[in-house]
Structure formats: C-alpha cells, structure tokens
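Listed below, chain by chain, are the residues.
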Amino acid sequence: MKYYKRILSAALLAFFSGSADAVPFSVEARSLGMGNVRVATADIATAPFANPGMLSFQPSREDFSILIGLGAFLSDNDGVVDKIDAFQSAYNSFQADPVGNVSQGVNAVSIAQSLDGDIIAPEMTAAFATGFSGEKWAFAFSARADAVSAGTVTNVSNSVAELTDPTKNILELEGVMTTELGVSLARNFQLWGQKIAVGLTPKYVKVDNVYFSESITTIDVDFSTLRDEDNQTDLGDYTTLDLGLVMGMTKHTQIGLVMTNLVSHKINFINTSGVPSTISFDTQARLGVAYRTDLLTLGADLDLIETDALLSSQNFQALKSQYFSLGAEFNVLDFMQLRIGAQKNIADGISDAAKDNLYAAGIGFWFGFNLDLAVVSQNDSLGGFLQAGFRF
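Residues numbered from 1 in each chain as written. Predicted model: local features only at pLDDT ≥ 70, side-chain atom pairs only at ≥ 80, totals over all residues. Heavy atoms only, no water.

(A) Layout of the nonpolar core. With 22 residues, the main nonpolar core has Ile-84, Phe-87, Leu-115, Val-153, Leu-163, Leu-171 and Ile-216 as its most contacted residues. Secondary structure elements with two or more residues in this core: helix 4 (80–96), helix 5 (102–115) and strand 4 (170–191). Looking at this core element by element, the count peaks at seven residues for helix 4. Counting twelve residues, the second-largest nonpolar core is a separate cluster that includes Met-54, Ala-138, Ala-140 and Ala-197. (Core = buried A, V, L, I, M, F, W, Y, C linked by side-chain atoms within 4.5 Å. Buried < 20%, exposed > 50% of the residue type's maximum accessible area, 1.4 Å probe, protein only. Helix = DSSP H or I, 4+ residues; strand = E, 2+ residues; numbered from the N terminus.)

Rendered as structure tokens:
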C-alpha cells in the first residue's frame, strides 16, 4: 500500500493548486455522520449546503451560526492502489533480470490487464458558512471548495514485450475543481395549519479542470507536475440557483425537498491533452423526511434524479450516482451527539462494488463551541470530515 499516499497526494495537489463544487462526497460533517441524510434534518449551521429552506425551520431558538470544515474521501472499490503496488513490484523484479524473472513479467501483464476499467476517485471539500435566523426570515452566506477527481489505467499491455512501451499502462487522472459562493434567504409560513419554509440560494461558481497522465511504472515520480499550469484549464464561471422547501407533517415529523443547479450549465473545452471535452452541471433533486425530538433525530433521503459523472472523460462515466440514505442522531448528553448512518448507490450501470453500502459514524461536542467529526467506509474506500463552529 506504499503508493496509496502518493495517489491521494495527487488529488491534494490538484485541490490546493487551484480553486476547487462539483458533486462532493458530502456537504459537511454532521450529515456525513448520518449517512449523508440532510434535506429535512439540517440545522442552522448546515442548512446553506443541505437545504436553504431549513434555515427558517429550526425547532430550537438558535439565531446565529458559523461553521468551517474540511473533508476528504478516497474511493478505491476496485483496489487500484493495491494493484498498482503489485504491478510495480512485479515489473521491477522483471526489469532487474528479464531472463531469469520472466514469470514476473507475465505477472505484471496479468495485473495490468486486471486494471483495465478500474477506477480510483479521490475527493476533497472545504466549507464555510455563517447565518442568522429570525422569527420569520433567515439568511446565510456560504463558501465552499470541492475537488472531484478520478484515475484509471488505459492502453494496458497485452504481452511482456509491451511492458517497456511508454505508451502502455497509462494512469489518467482528471479533476474538476470549483469555488462556490452563495447567499441564502429563507422564510417560513403557516399554511393549512402546518409550518412551511422556502429558501433560495443564488450561487456564483468558478470551474477549473486538471488533466495528467503517467505510466504506472513510474507513477511515484514528480506528481508535483499536477500544479503546473500546463496541466490546468480555466473553464470560467457561471451563476445558478438552489431552491429548498420544508413542510411540517406532525409535531415531530417533516418532509423536505431541495433542488440544486436550477439553472444548468454546460462547458465545452479542450483539455490539456488536446481532447475536446464537455462538463455538465445539471439540475439535481433530493427528497428527505425526518422525525425529530429533543433526544433523537431520524432521517431518510433519496436522490430523485440519477446524476452522471461530472468528469468529462468517458472512462469515468461509471461513477454516476443516485443515493438512498438513512441516518440517526442521538442526543446522549447536552454536550454530545452520536450519529450513525448508511448510504447506497442505486444508479444503473455501476459496478457491484459501487453498489455496496457506505457506512458512516459521527460524533458532535459542545465545548462552548461546536466540534463535529465523521468517518465513512465502503470496502477499500475511506473518508472523513472535521468541522468546528458556533451556534447560539
């Protein structure tokens, strides 16, 4: 697993070398700890990212919030990291003695062929939000940076003689990075005896693309080239709108709907390898229901639209998603909350590994300020989110 950090560092370099919102693995730590349940469970601090309508639909009288957080996730359900590690071990043995270790060359070819079509997908998110909620009206300012990237091995060797061909066994890495600024406005009403809230978030989004390729025989060499401007493409910016709705059903239950990117946007460009590419920011819709008391919150969310992979390469179209999430939060003590959750990708045409459940757990503390931590796991995939803030 010695190349695990090297491949992940490629995503980190891509993230920090430019601006980075795409289709992030989570919007923030609290919802991630609940399996990404958020549409009808968001609090005042997380509502700008989860559902702007929730800003003015809070059970407690919290009037002000500020949040800052950072998260990362590495999806490797196909075991790409382990396979590249095994390939390099076999390849290096073969190179040391091509005659005596020809069996290692055969093994390297077999591993390379097993990598064909496999995908590794690192992601990162940084988030900031601050908001105020009054009796009827609420508003918030939010900023976030998300990097969604993926890598796959192409043009794999079919024979030992092709192992030294520099055009074979190429790891292609592509990343889409966006910076997003939003201003949320929400208001609640009484309709037919039920409380209803509506929220809007106009957003400005800046987009960058990074493309890089290198042979897996030397993938540990000079990853710093990802920061080179020659590997980056400035894709400009656009404006769009999110809409959130929440309605109380009973004293403790509510239903919510959020629609993001109501103004869809498509970008046509030539990537750094000279290939015509297209990235689409399409409208997405997510439905949620929640049961909330002072001691317990239960929630379930469902994506109503299957989302294609944001990345432009056809190699990564298997990364499309449509999630169903379940989660719970237990208010054990006034200063501590425990969270658990699970998420399943129900999209068509994805790998069996991608269909496996993602499990999440989280914990929140109040020490005069909020501190939230969440971790998620799915097969060989692992991620986490840490955030801090104030609510009062």
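Still to come is the rest of the account.
(B) Fine view of unusual backbone geometry. Even without glycine at this site, Asn-36 takes up a positive phi of about 70°. By secondary structure assignment, the location of Asn-36 is in the loop between helix 2 (29–33) and helix 3 (47–50). Judged by its relative accessible area of 3%, Asn-36 is buried. Of note, Asn-261 is a non-glycine position whose phi angle comes to about 55°, a positive value. Tracing the chain through its elements places Asn-261 in the loop between strand 7 (253–260) and strand 8 (265–270).

(C) Representation of the environment of Lys-355 in the model. Here Lys-355 shows up in helix 6 (residues 352–355). For Lys-355, a relative accessible area of 33% corresponds to the partly exposed category. Those residues in contact with Lys-355 that lie beyond four places of it in its chain are Lys-344, Asn-345 and Ile-350. (Contact = heavy atoms within 4.5 Å.)

(D) View of the confidence of the model for the chain. Overall, the prediction assigns the chain a mean pLDDT of 86, with 88% of residues at 70 or greater. Within the model, the stretch residues 1–23 combines pLDDT values under 50 with 71 contacts to residues more than four positions away or in other chains. (pLDDT = per-residue confidence, 0-100.)

(E) Layout of the side chain of Asn-370. By secondary structure assignment, the location of Asn-370 is in strand 15 (residues 370–378). The buried category is assigned to Asn-370, whose relative accessible area is 6%. Excluding residues within four positions of it along the chain, Asn-370 makes contact with Phe-365, Gln-387, Ala-388, Gly-389, Phe-390 and Arg-391.

(F) Geometry of the packing of helix 4 against helix 5. Between helix 4 and helix 5, whose axes approach to 8 Å, the crossing angle comes to 155°. By the criterion of interaxial angle, the relationship of helix 4 to helix 5 is roughly antiparallel. In the crossing of helix 4 with helix 5, the sense of the turn from one axis to the other is left-handed. Between helix 4 and helix 5, the residues in contact are Val-80, Lys-83, Ile-84, Ala-86, Phe-87, Ala-90, Tyr-91, Ser-93 and Phe-94 and Val-102, Gln-104, Gly-105, Asn-107, Ala-108, Ile-111, Ala-112, Ser-114 and Leu-115, respectively. For the contact of helix 4 with helix 5, the residue count by class is twelve nonpolar, five polar and one charged. (Axes fitted to C-alpha atoms, helices over the stretch in contact; angles between N-to-C directions. Parallel < 35°, antiparallel > 145°, perpendicular 65-115°, else oblique. Left-handed = near helix turned anticlockwise from the far one by under 90°. Nonpolar A, V, L, I, M, F, W, Y, C, P; charged D, E, K, R; others polar.)

(G) A look at helix 5. Taking 1.5 Å of rise per residue, 14 residues should cover 20 Å, and helix 5 covers 20 Å from first to last C-alpha, within 8% of that figure. Every buried residue of helix 5 is accounted for by Gly-105, Ala-108, Val-109, Ile-111, Ala-112 and Leu-115. The buried residues of helix 5 all sit within an arc of 165° when viewed along its axis, so they share a single face. Residues of helix 5 that are buried sit in contact with helix 4 and strand 3 (137–154). (Expected span 1.5 Å × (residues − 1). Arc of directions from axis to C-beta.)

(H) Structural detail: helix 4. Compared with the 24 Å implied by 1.5 Å per residue over 17 residues, the 24 Å span of helix 4 between its first and last C-alpha is a close match. Within helix 4, the full set of buried residues consists of Val-80, Val-81, Ile-84, Asp-85, Phe-87, Gln-88, Ala-90, Tyr-91 and Phe-94.

(I) Molecular detail of the environment of Thr-307. Examined against the element boundaries, Thr-307 turns out to sit in the loop between strand 11 (296–303) and strand 12 (323–333). For the pair Thr-307 and Thr-283, spaced 24 residues apart in sequence, the C-alpha separation works out to 8.9 Å.

(J) How the structure looks around a nonpolar patch on the surface. A contiguous nonpolar patch, built from Phe-330, Val-332, Leu-333, Phe-335, Leu-338, Ile-340, Trp-366, Phe-367, Phe-369, Phe-390 and Phe-392 and spanning about 1,000 Å² of accessible area, is present on the exposed surface. Those elements that place two or more of their residues in the nonpolar patch are strand 12 and strand 13 (336–345). Broken down by element, the residue count for the nonpolar patch peaks at three residues, all from strand 12. (Patch = residues over 30% accessible without salt bridge, like charges linked within 9 Å, V, L, I, M, F, W, Y side chains within 5 Å. Areas by Shrake-Rupley, 256 points an atom, 1.4 Å probe, with all protein chains shown as cover. Salt bridge = Lys/Arg side-chain N within 4 Å of Asp/Glu carboxyl O.)

(K) The pattern of salt bridges, seen in detail. Tallied over the full model, the rule gives 14 salt bridges. Here Lys-203 ties to Asp-242 by a salt bridge, and the two come within 3.2 Å at their closest N and O atoms. Of this pair, Lys-203 sits in strand 5 (residues 194–215) while Asp-242 sits in strand 6 (residues 232–248), and the two are 39 residues apart along the sequence. When the shortest N-O distance is used, the salt bridge between Lys-320 and Glu-306 registers 3.6 Å. Separated by 14 residues along the polypeptide, Lys-320 in the loop between strand 11 and strand 12 and Glu-306 in the loop between strand 11 and strand 12 bring together distant segments of the chain. Three or more residues joined by partner-sharing salt bridges are found here, namely Arg-30, Asp-43, Glu-329, Arg-339 and Asp-372.

(L) Structural view of the packing of aromatic side chains. Applying the stated criterion to the full structure yields six aromatic pairs. Look at Phe-87 and Tyr-91: their rings are 5.8 Å apart centre to centre, the planes differ by 15°, and that puts the pair in the stacked class. In this pair, Phe-87 and Tyr-91 are both assigned in helix 4, four residues apart and thus about one turn of the helix distant. Here the aromatic rings of Phe-132 and Phe-139 are separated by 5.9 Å at their centres, their planes lie at 45°, and the arrangement is tilted. (Phe/Tyr/Trp six-rings, centres within 6.5 Å; stacked < 30°, edge-to-face > 60°.)

(M) Broad picture of the side chain of Gln-322. Note on placement: Gln-322 falls in the loop between strand 11 and strand 12. There is a polar contact of 2.9 Å between the side chain of Gln-322 and the backbone oxygen of Asp-303. Not counting residues within four places of it along the chain, the set of residues in contact with Gln-322 comprises Asp-303, Leu-304, Ile-305, Glu-306, Lys-344, Asn-345, Ile-346 and Ala-347. (Polar contact = N/O pair within 3.5 Å; in protein donor to acceptor, adjacent residues only side chain to side chain.)

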